[in-house]
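Okay, here's what each chain looks like letter by letter:
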Number of protein chains: 14
Amino acid sequence: MDAQSAIGIASIVTAGITMAIGSIAPAIGEGNAVSQALRSIAQQPDEANTISRTLFVGLAMIESTAIYCFVVTMILLFANPFWSWVISP
Amino acid sequence: MDAQSAIGIASIVTAGITMAIGSIAPAIGEGNAVSQALRSIAQQPDEANTISRTLFVGLAMIESTAIYCFVVTMILLFANPFWSWVISP
Amino acid sequence: MDAQSAIGIASIVTAGITMAIGSIAPAIGEGNAVSQALRSIAQQPDEANTISRTLFVGLAMIESTAIYCFVVTMILLFANPFWSWVISP
Amino acid sequence: MDAQSAIGIASIVTAGITMAIGSIAPAIGEGNAVSQALRSIAQQPDEANTISRTLFVGLAMIESTAIYCFVVTMILLFANPFWSWVISP
Amino acid sequence: MDAQSAIGIASIVTAGITMAIGSIAPAIGEGNAVSQALRSIAQQPDEANTISRTLFVGLAMIESTAIYCFVVTMILLFANPFWSWVISP
Amino acid sequence: MDAQSAIGIASIVTAGITMAIGSIAPAIGEGNAVSQALRSIAQQPDEANTISRTLFVGLAMIESTAIYCFVVTMILLFANPFWSWVISP
Amino acid sequence: MDAQSAIGIASIVTAGITMAIGSIAPAIGEGNAVSQALRSIAQQPDEANTISRTLFVGLAMIESTAIYCFVVTMILLFANPFWSWVISP
Amino acid sequence: MDAQSAIGIASIVTAGITMAIGSIAPAIGEGNAVSQALRSIAQQPDEANTISRTLFVGLAMIESTAIYCFVVTMILLFANPFWSWVISP
Amino acid sequence: MDAQSAIGIASIVTAGITMAIGSIAPAIGEGNAVSQALRSIAQQPDEANTISRTLFVGLAMIESTAIYCFVVTMILLFANPFWSWVISP
Amino acid sequence: MDAQSAIGIASIVTAGITMAIGSIAPAIGEGNAVSQALRSIAQQPDEANTISRTLFVGLAMIESTAIYCFVVTMILLFANPFWSWVISP
Amino acid sequence: MDAQSAIGIASIVTAGITMAIGSIAPAIGEGNAVSQALRSIAQQPDEANTISRTLFVGLAMIESTAIYCFVVTMILLFANPFWSWVISP
Amino acid sequence: MDAQSAIGIASIVTAGITMAIGSIAPAIGEGNAVSQALRSIAQQPDEANTISRTLFVGLAMIESTAIYCFVVTMILLFANPFWSWVISP
Amino acid sequence: MDAQSAIGIASIVTAGITMAIGSIAPAIGEGNAVSQALRSIAQQPDEANTISRTLFVGLAMIESTAIYCFVVTMILLFANPFWSWVISP
Amino acid sequence: MDAQSAIGIASIVTAGITMAIGSIAPAIGEGNAVSQALRSIAQQPDEANTISRTLFVGLAMIESTAIYCFVVTMILLFANPFWSWVISP
């Protein structure tokens, strides 16, 4: 197997695995947060605004780890420095 | 095995695994969120609107990680930069 | 092993695994959601309509991740771009 | 190993594994749903009809993921496009 | 190893594994359902009939996934299309 | 390794593994069911008959998945169609 | 490695593993059942007879899966049809 | 590696693993049963005799699965039919 | 495989895996923290400010471990000392 | 590798693993039993004698599985029939 | 593969894995601590100062294990004694 | 690799693994026992003596499994019969 | 691969893994301890001093296992007796 | 690979793994014990002395398993009998 294929395959596999594993925890964490937000609203309807605001800030923090993974995946697919080097003549 | 086959196989396997693993956590997270929403509605029927709205925003956030995986899968299958390079003459 | 066999085998195995893994989480998530819906109906029979409606929207969201996997499986079996390329003369 | 054997073996193994793994989650999810339905009937006998109806709709949704797996298994055993191609002269 | 042996071994192993894994979840799911049915009967003896009927319908649904696996196992052992092809002269 | 040995070994190993894995879930499921039956009898001694009858029907359903595995094991050991074919002259 | 050794090793290893794995679930299931029986007796001493009888029937059912495994182990060690065939001249 | 060594090694390793795995579940199951017995005695001291008797019958049943494993281990070490065959001249 | 390819592949794979694994725990930890914050606000609305402030400090601490991983990933992709050495003439 | 080394290595590794795995469950089971005994004494100090006696009988039963493993380990190290055979001239 | 490449690859992979695994537990532990701190503040607002101070000391202790891992990662990447030795002429 | 090295390596690795795995369960079991003892003392200070005595007997029983592992480790390192045989001229 | 590289690689990998695994349990254990300390302070503010002192002693004990791992890691990196021997002329 | 390198590598890897795995359970067990001690002090401040004394005895017992592992690690690194033998001329 030549060097291009090897680096290409590694990039493909790593990109997919990174995105796949990186989506597990944020989805579960957000599920917990949303789930608790709904319970809190049902329990204290008067604080729905404060709860929503805190929820959205929290979701943004949690989502950020998924976005880190997405960024790494995109770098590996479209801005991969090793691939650039290996296909440069 | 020639380079095209190798990259093709890697793309096929990675595409499938990414979508498969990427569907685990969102489904479970959404299950928790929906489940809690139903409990909250049963507990506080008067807030059904607020609960539904918060639920849908939350589901969209959670679904987003599944969609990241779906996007990566589609890129690997139909817009794969490494495959384009390797089959270009 | 020639290229056609290799890509064919990869497609078969990936298609099956994708569908198999992709059916785990939605089934469990839907099980939780349905289970909670039943508990909520028993607890608040007057809200059965609102609960049913929210449940069905939620089930559709959860089922969507199973459908993503089914779509990827069908693409791999019947509209596989790599297979098309490799059996084209 | 010739190409026919290889593709045949891959189909056999994948068909079995797909059905086996694909039966795990639906059985557990349905178990939870049925279990909760029984608890709800015991708690609110007057709503047995509503509960049964919601249960059956939910079971159908959950069973659908098992059926996706069964369909993929049957396609792999009896309508396998790769096998058709490889045994065609 | 010749083609017949290879396909035969794959069929044997897959048949066993499919049945073995396919019996895990239904047994656990049915255990939960039966267990809850007994608790419900003890709690609401007057509804024993409704509970029994719902239980049997639920058990049939759960058992169905075990039966899918049994069917696939029997097909692999006694009506295996790949084996038929490979031992046909 | 000749064909007979290979198929024989596969049959031995698969038979054992099938029975071993196939005994896990029924034993646990029956344990839960029996355990709950005892709790129900202690809680509602007057319904001991109904509880026992439902328990035995449930145990039979759960035991059925263990019996499927036992049947497959016996077929693999004593009525194995692949072994019959391979030792026939 | 000649055929006798190979089949002998497979029989030894499978026999041990079958018995070992096959003893996990029955022991745990019986532990739960006995544990619950003791709790029930402490809670409802007047029903000790009914509880004991139900417990022993349940233990027999659970033990049956361990006995299936023991039977398969003994068959593999002392009545192994493949070993008989391979050492017959 | 000659046949004697191979069968000897397989027997040694299997004997150890069988005993090791076979001791996991009985110890945990007995731990649960004893633990519950102590709780029941503390709760209902007047029934200490009935509880002890039921406990000892239960422990005997649970211990039986450990003894099956011990028997198989001893057979593999000291009455191994395959070893007898292979070292017989 | 030459040295450049080997180091390149190792960097790609490690970068992806580091980011993927490194996103699991922070997302779950933040999910717990946010979830508890919402519960606390619903329970003690008057302390919403103190709770928010403590939450944000905590989220920053938790996020820091994700950022360590992101930093290592970026170093591996764009400032890798081993890659610099190996491609230097 | 000659036969003596192979059998020696297998004995060493198996002895260690058997003892290591065999110490897991008894320690945990005894931990549960002791822990519950302490709780029972605190709850019903007057029954401390009955509780202690039942505890020691139970600990002896649980310890027995660890002792089975220790016995097998010692047999493998110091009374190994396969080692005796292989080093006998 | 020459010695430099081998040591370089080992350093890259180990650095990434160390940081990735090393970020799991601190994030979860801090999540628990922060989560409990929020609950305590909601429960006892008057002690917010004591709780915050104890929380920050605790977070520092927990963070220290992540920092140990980060230090080891940095040593492996930028102050690796084995790499220094191997690239020294 | 000569026989001495092979047996030496096996002894080293097994000694370490045995001690490492063998320390898991006792530590956790003792943690539970100590933890429960503290709870019992807080709940029933007058029985501190009985509780301490029972705790120490229990800890000794649990520690015994760790000591079995330590003994096996020491035998493997310093009184290894296989090593003695292999280095004897 | 020459001896220096092999020992160097083993040291690098082991150092990283030791630190990584060794940071898991202390972080979680400290998280539990801190978390409980906060709960206790909120519940019994008057004992904050005793609680803090006990907490810090406990944290030091728990941290000690992380420090053992750190010490071993540092020894492997900077005071490795095997490396010293192998690079000594 | 010569004998010295092989034994050296085995010692390095085993030393690290032993310490790493051996630190998991003590840290968690001590975490539980400390955590419970804090809860007990908050609940029964008058018994703080008895609780502390029992806690420290318990921590010493739990720490002992970590120390066994540390001792084995140090023996493997600095007093390894197999290494002494292999480097002795």
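Source: prediction; values computed, not measured.

### A few points about the packing of helix α2 (residues 24–43) of chain J against helix α3 (residues 48–78) of chain L
Reasoning step 1: Interaxial distance between α2 of chain J and α3 of chain L falls to 9 Å at its minimum, and their mutual angle equals 175 degrees. In terms of orientation, α2 of chain J lies roughly antiparallel with respect to α3 of chain L. Contact with α2 of chain J, carried on its side by Pro26, Ala27, Glu30, Gly31, Val34, Leu38, Ile41 and Ala42 of chain J, involves Thr50, Ile51, Thr54, Leu55, Gly58, Met61, Ile62 and Thr65 of chain L of α3 of chain L and no other residues of that element.
Reasoning step 2: The class makeup of the residues in the contact of α2 of chain J with α3 of chain L is 10 nonpolar, five polar and one charged.

### With respect to the interface of chain A and chain B
Reasoning step 1: Taken together, the 42 residues of chain A in the interface contact 40 residues of chain B.
Reasoning step 2: Taken together, chain A and chain B are joined by zero salt bridges.
Reasoning step 3: If you look at where chain A meets chain B, you find six residue pairs in polar contact (both at pLDDT 80 or more).
Reasoning step 4: Along the lines of polarity and charge, the residues of the side of chain A that touches chain B split into 28 nonpolar, 10 polar and four charged.

### Some thoughts on the relation of the copies chain A and chain B
Reasoning step 1: With an RMSD of 0.0 Å, chain A superimposes on chain B once it is rotated by 26 degrees and translated 0.0 Å along the axis.
Reasoning step 2: Of the interface residues in chain A, just 17% have counterparts in chain B that sit at the interface too, so the contact is made through distinct surfaces.

### Examining the arrangement of the chains
Reasoning step 1: A minimum C-alpha distance of 31 Å separates chain C and chain L, which share no contact.
Reasoning step 2: The two partners chain D and chain L share no contact, and the minimum distance between any of their C-alpha atoms is 30 Å.

### As for the UniProt feature "transmembrane region" (unreviewed entry) in chain A
Reasoning step 1: Mapped onto the present numbering, the UniProt feature "transmembrane region" (unreviewed entry) falls on residues 6–29 and 55–79 of chain A.
Reasoning step 2: Span residues 55–79 of chain A is 96% helix and 0% strand, its end C-alpha atoms 34 Å apart.

### Section: the packing of aromatic side chains
Reasoning step 1: Taken as a whole and assessed by the stated rule, the structure comprises 42 aromatic pairs over all chains.
Reasoning step 2: Aromatic pair Trp83 of chain G and Trp85 of chain H: ring centres 5.3 Å apart, planes at 75 degrees, arrangement edge-to-face. Placement of Trp83 of chain G in helix α4 (residues 81–87) and of Trp85 of chain H in helix α4 (residues 81–87) is noted, with the two residues assigned to different chains.
Reasoning step 3: The class of Trp83 of chain G is buried, set by a relative accessible area of 10%.
Reasoning step 4: Overall, Trp85 of chain H belongs to the partly exposed group, its relative accessible area being 34%.
Reasoning step 5: Taken together, Phe82 and Trp85 of chain A together with Trp83 of chain I form an aromatic cluster joined through their ring pairs.

### Some thoughts on the state of the cysteines
A covalent bond between the sulfur atoms of two cysteines is referred to as a disulfide.
Reasoning step 1: The final tally for this structure, using the stated rule, is zero disulfides over all chains.
Reasoning step 2: Considering cysteine sulfurs only, Cys69 of chain M is the nearest to Cys69 of chain K, which forms no disulfide, with 9.6 Å between them.

### Brief notes about the environment of Pro45 of chain C
Reasoning step 1: Along the polypeptide, Pro45 of chain C turns up in the loop between α2 (24–43) and α3 (48–78).
Reasoning step 2: On the basis of relative accessible area, Pro45 of chain C is assigned to the partly exposed category, the value being 23%.
Reasoning step 3: Residues within four places of Pro45 of chain C in sequence aside, it is in contact with Gln44 and Glu47 of chain D.

### What to know about the environment of Ala60 of chain I
Reasoning step 1: Mapped onto the secondary structure, Ala60 of chain I falls in helix α3 (residues 48–78).
Reasoning step 2: Residues Ala60 of chain I and Glu30 of chain I, 30 residues apart in the sequence, show an inter-C-alpha distance of 9.4 Å.

### Digging into the interface of chain F and chain G
Reasoning step 1: Taken together, the contact pairs 42 residues of chain F with 40 residues of chain G.
Reasoning step 2: Summed over both partners, the interface of chain F with chain G buries about 3,600 Å², with 79% contributed by carbon and sulfur atoms.
Reasoning step 3: Put simply, chain F and chain G have zero salt bridges between them.
Reasoning step 4: Taken together, the connections running from chain F to chain G amount to six residue pairs in polar contact (both at pLDDT 80 or more).
Reasoning step 5: Only α1 (3–22), α2 (24–43), α3 (48–78) and α4 (81–87) of chain F provide two or more residues apiece to the side of chain F that touches chain G.
Reasoning step 6: Its residues placed into classes, the side of chain F that touches chain G shows 28 nonpolar, 10 polar and four charged.

The rules we used
Throughout, a residue's number is its position along its own chain's written sequence, starting from 1. The lettering of chains begins at A and the numbering of ligands begins at 1, in the order of writing. The model is predicted, so local features are restricted to residues of pLDDT at least 70 and side-chain atom pairs to those at 80 or more, both for listing and for counting; the totals for chains, interfaces and linings are taken over all residues. Side-chain measures here rest on the full set of heavy atoms in the structure, leaving out hydrogens and waters. Axes here mean lines fitted to C-alpha atoms, for a helix over just the part in contact, with angles spanning 0 to 180 degrees between N-to-C directions. Numbering goes from the N terminus for both helices and strands, where a helix is a DSSP run of H or I of at least four residues and a strand is a run of E of at least two. Roughly parallel here means an angle under 35 degrees, roughly antiparallel means over 145, roughly perpendicular means 65 to 115, and every remaining angle is called oblique. Here a residue-residue contact requires only that any non-hydrogen atoms of the pair lie within 4.5 Å. Classification convention: Asp, Glu, Lys, Arg as charged; Ala, Val, Leu, Ile, Met, Phe, Trp, Tyr, Cys, Pro as nonpolar; all other residues, Gly among them, as polar. A pair is scored as a salt bridge if a Lys or Arg side-chain nitrogen falls within 4 Å of a carboxyl oxygen belonging to Asp or Glu. We define a polar contact as two N or O atoms separated by no more than 3.5 Å, with the added condition that, inside protein, one atom must be a possible hydrogen donor and the other a possible acceptor, whereas residues neighbouring each other in sequence contribute only through side-chain atom pairs. When the copies are superposed, the least-squares fit draws on C-alpha atoms of residues that have pLDDT of at least 70 in both. UniProt positions are given in the numbering used here, feature names are shortened, and annotations may be inferred rather than shown by experiment. Any two of the Phe, Tyr and Trp rings considered here, Trp counted by its six-membered ring, make a pair once their centres fall within 6.5 Å; the pair's planes then place it as stacked at under 30 degrees, edge-to-face at over 60, or tilted in between. To sort residues, take the accessible area from a 1.4 Å probe on protein chains only and compare it with the maximum for the residue type: under 20% means buried, over 50% means exposed, and anything in between is partly exposed. Throughout, disulfides are identified as pairs of cysteine sulfur atoms within 2.5 Å of each other. Note on terms: buried area is the combined drop in 1.4 Å-probe accessible area of two parts once they are placed together, counting the loss on both.

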